[in-house]
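Structural features, examined
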Amino acid sequence: MFSSPTIADIDGDGKDEVLIGTTRKRCDNNGSNCTFSQQPKLVVLNSNGTIKWSRLLESSINSAPSVGDIDGDGDVEIVVSFGGEALDPQGNGGVRAFDHNGNVLWTFYTYDHYDPHPQTDGVFSTPALCDVDNDGDLEIAFGAWDQRIYLLDHRGQSLWNDLHWDWADSGRGYINADTVWSSPACADFNGDGEQEIVIGADISDGGIMPDGTPGFQGGFVYVFDRFGNVLARRDMPEAIYSSPAIADLDNDGKLEIVIGTGWYWWNVHGRTETRYVYVFRSDNLFNSSLHYSDPAKLPYAPGWPQPTAYPGMSSPAIADLDGDGDLEIIIGSGDPFVSGSDGVPGKGAVYAWHHTGELVNGWPIYPISNDESGNQDAAIRSSPTVADIDNDGQLEVLFAFLWEVQAYSPNGQLENSFYTLYTVEGAPAVADTDKDGFVEVWIGGGYYYDQSQGYLWRFESNVSGVGAMPWPMFHRDAAHIGSLGRPAELVLPTDSLFLMIEEGQTRAEISFYLRNSGDYPLDWAIASKPTNVSVSLSSGTLPPHGQQVLSLTVDVSGYAPGTYTLGEILFSASYASTARQVALPLSTYIGKVYKSFVSVVSR
């Protein structure tokens, strides 16, 4: 069971449910005679571990179920991809949506690109539920093994159609010319209220892209706008299995993209090439003078990329791991092929860097299992999660490998091992699901003594209290958007205000608005202003993407006709531990004001 558990309150009762998918694989109890003959299911469990409902699907689920109110009706829906099992080509691939009671709302099937099997190709990618057009409904983004990247509306209809008008078989989705394993992330990079979509992909030599670009041995990092236009396509030296994470790492008001890679071409090339973790800046994302394939569209952030001892398909988590006010990047890696003395193939490491690319003290770590089977290591396929699981005020990093979930302190010290009884590879999920004041850790996997079905493991903290959970599950939240969001930012409607006042008048009024372009609430206040200027409000809080209209009055009693610089209104704006000041210069003209009126004719 590679599916990572998703935690969300789907029925509005105040307690969380746990959602997970299973595969078609089943084995004898000794692990032999494995076949793909099991009926895969989407399973929803209550917080006490009992099954609330489950639904059969036609092929394996190796993604995480996504949860969100996709149609804006006040109830959440569940969207899950299926067919993502490389060793099991049977069964169609696609994406299915359920209501919170488990009723099927719609199913979207991919193309059958890889003949001769008659089924549509699988979806390993976890769908991201994003409001890309800021209309209140959520769109569904994902990639598939049919070599396409899709965006659907809340009814399951493709929104990206015939993007390649000069391509013989354009159809639905963006054609990548190779498989897509990566899960998309969404964020508003320029503060216009619309979200962009970031996703990794593979590419092989011998093929050709719809824009005429020849294939090569590597991968891509894409950024799309909501219409399916490519804003950036960064060439990469490896297939991208990792899923991107997005955050303002350096607190400059602009978002960065963090991503790992994979190990396909590393393996083909003899397993000797160094692999990296990448951070890209987004400054030039909307620079129309640069072609979308120009590396300058997504330049490296200072201090990046950073090498790792092993490749890997783990996806990064982002959190202020050490409590210093800056964000850190955490990711797993692993060589699944190397042999060791422990009899288990593979070696792995987990890294944590400051946003500058400097390693966090105590990292990387090279995990060892200390269960009864002896000291063993393995590749880390799991994506890390970050949460304070023991309410001590410090975050822990959790990941799965071999037969356990391990939890490490911010300085890389092992704090806890949660032992399962079979292999676990997904991302652990952390929450107080039953709201009893004790945090639980959930992970999907199997059970050595019963390999005919999947198992979900639940571990509960023995310390009361619920601490911070900045990245508590795969891709951060139940909608799996993979982003910490755009920082709160105060936006003024203009660089300056100029008032024209008729001679003889002593006062003038004008209205303008303050806007928050970010995804977090913003506190604002007027720090200073000219003495002859009054404003209807002196402070307030702007909700995410909200605005506030202000009325400004200028008293020009005693001013002779002429043009005057009045000074500036200085606004202070703050959220979390970040504070900035924004100035609005004021000037005025006093004298004869001429007005022209232009007629408007409509028919």
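So, how was this worked out
Residues numbered from 1 in each chain as written. Predicted model: local features only at pLDDT ≥ 70, side-chain atom pairs only at ≥ 80, totals over all residues. Heavy atoms only, no water. UniProt positions renumbered as here; feature names shortened; annotations may be inferred. Pairing = 2+ DSSP bridges. Helix = DSSP H or I, 4+ residues; strand = E, 2+ residues; numbered from the N terminus. Axes fitted to C-alpha atoms, helices over the stretch in contact; angles between N-to-C directions. Phe/Tyr/Trp six-rings, centres within 6.5 Å; stacked < 30°, edge-to-face > 60°. Buried < 20%, exposed > 50% of the residue type's maximum accessible area, 1.4 Å probe, protein only. Lys NZ or Arg CZ within 6 Å of the ring centre and 35° of its normal. Disulfide = S-S within 2.5 Å. Domains from an automatic or database assignment. Contact = heavy atoms within 4.5 Å. Buried area = accessible area lost by both parts, 1.4 Å probe.

- For the protein chain, an unreviewed UniProt entry supplies the name Lambda-carrageenase beta-propeller domain-containing protein and the organism Ardenticatena maritima.
- Word for word, the UniProt comment on the protein chain under Subcellular location (unreviewed entry) is "Membrane".

Notes on the sheet that holds strand 9 (residues 94–99)
- Pairing is antiparallel across the open sheet formed by four strands, whose spatial order is 7-8-9-10. On the outer flanks of this sheet lie strand 7 (66–68) and strand 10 (104–109), each paired with one strand and no other. With strand direction ignored, the average angle separating the axes of adjacent strands in the sheet is 15 degrees.
- For strand 7 and strand 8 (residues 77–82), the ladder comprises three bridges, and the chain directions are antiparallel. Bridging from a neighbouring strand, Gly68 pairs with Glu77 of strand 8.

Re the packing of aromatic side chains
- In total, this model carries 37 aromatic pairs according to the counting rule given.
- Summarising the aromatic geometry, the rings of Tyr559 and Tyr564 are spaced 4.9 Å apart at their centres and angled 80 degrees between planes, so their arrangement reads as edge-to-face.
- A relative accessible area of 26% means that Tyr564 is categorised as partly exposed.
- In textbook terms, an aromatic cluster arises when at least three aromatic residues are bridged by ring pairs, as seen for Trp403, Tyr422, Tyr447, Tyr448, Tyr449, Tyr455 and Trp457.
- Over the ring of Phe220 we find Arg233; its NZ or CZ atom is 5.0 Å from the centre of that ring.
- Lying over the aromatic face of Tyr300, Arg234 brings its terminal NZ or CZ to 4.4 Å of the ring centre.

Concerning unusual backbone geometry
- For the peptide bond that leads from Trp304 to Pro305, omega is 5 degrees, which places it in the cis range.
- Within the secondary structure, Pro305 sits in the loop between strand 21 (275–281) and strand 22 (306–308).
- In this structure, Pro364 follows Trp363 across a cis peptide bond, with omega equal to 5 degrees.
- The residue Pro364 is located in the loop between strand 25 (347–354) and strand 26 (385–387) in this model.
- Unlike most non-glycine residues, Asn251 shows phi in positive territory, near 60 degrees.
- Residue position: Asn251 is located in the loop between strand 19 (245–247) and strand 20 (256–259).
- In the Ramachandran plot, Arg476 falls in the positive-phi region, its phi being about 80 degrees despite a non-glycine side chain.

Brief notes about the sheet that holds strand 16 (residues 196–203)
- With antiparallel pairing, the four strands of this open sheet are ordered in space as 15-16-17-18. The sheet is open, and its two edges are formed by strand 15 (185–187) and strand 18 (230–236), each paired on a single side. In this sheet, adjacent strand axes meet at a mean angle of 20 degrees when their direction is disregarded.
- As paired elements, strand 17 (residues 218–224) and strand 18 share six bridges and run antiparallel to each other.

Digging into the pairing of strand 36 (residues 522–528)
- Note: strand 36 against strand 38 (residues 539–542), four bridges, orientation antiparallel. In the sheet register, Ala525 faces strand 38, and the bridge partner there is Ser539.
- Here strand 36 pairs with strand 40 (residues 562–575) via five bridges, running antiparallel. Bridge pairing in strand 40 links Ile526 to Phe571.

What to know about the state of the cysteines
- Taken as a whole and judged by the stated rule, the model has one disulfide.
- Between the sulfur atoms of Cys130 and its disulfide partner Cys186 the distance amounts to 1.9 Å. Looking down the S-S bond of the Cys130 and Cys186 bridge, the torsion is 65 degrees, so its handedness is right-handed. Taken together, the residues span a long stretch of sequence, with Cys130 in strand 11 (residues 128–130) and Cys186 in strand 15 at a distance of 56 residues.
- Cys130 gets classed as buried once you look at its relative accessible area, which sits at 1%.

A short note on the domain arrangement of the protein chain
- Partitioning the protein chain into structural domains gives domain 1 (6–471) and domain 2 (490–591).
- For domain 1 and domain 2, the distance between their C-alpha centres works out to 45 Å.
- Each side of the interface is counted separately: domain 1 has six residues, and domain 2 has five residues.
- Buried surface at the junction of domain 1 and domain 2, summed over both partners, amounts to about 420 Å²; 29% is from carbon and sulfur atoms.

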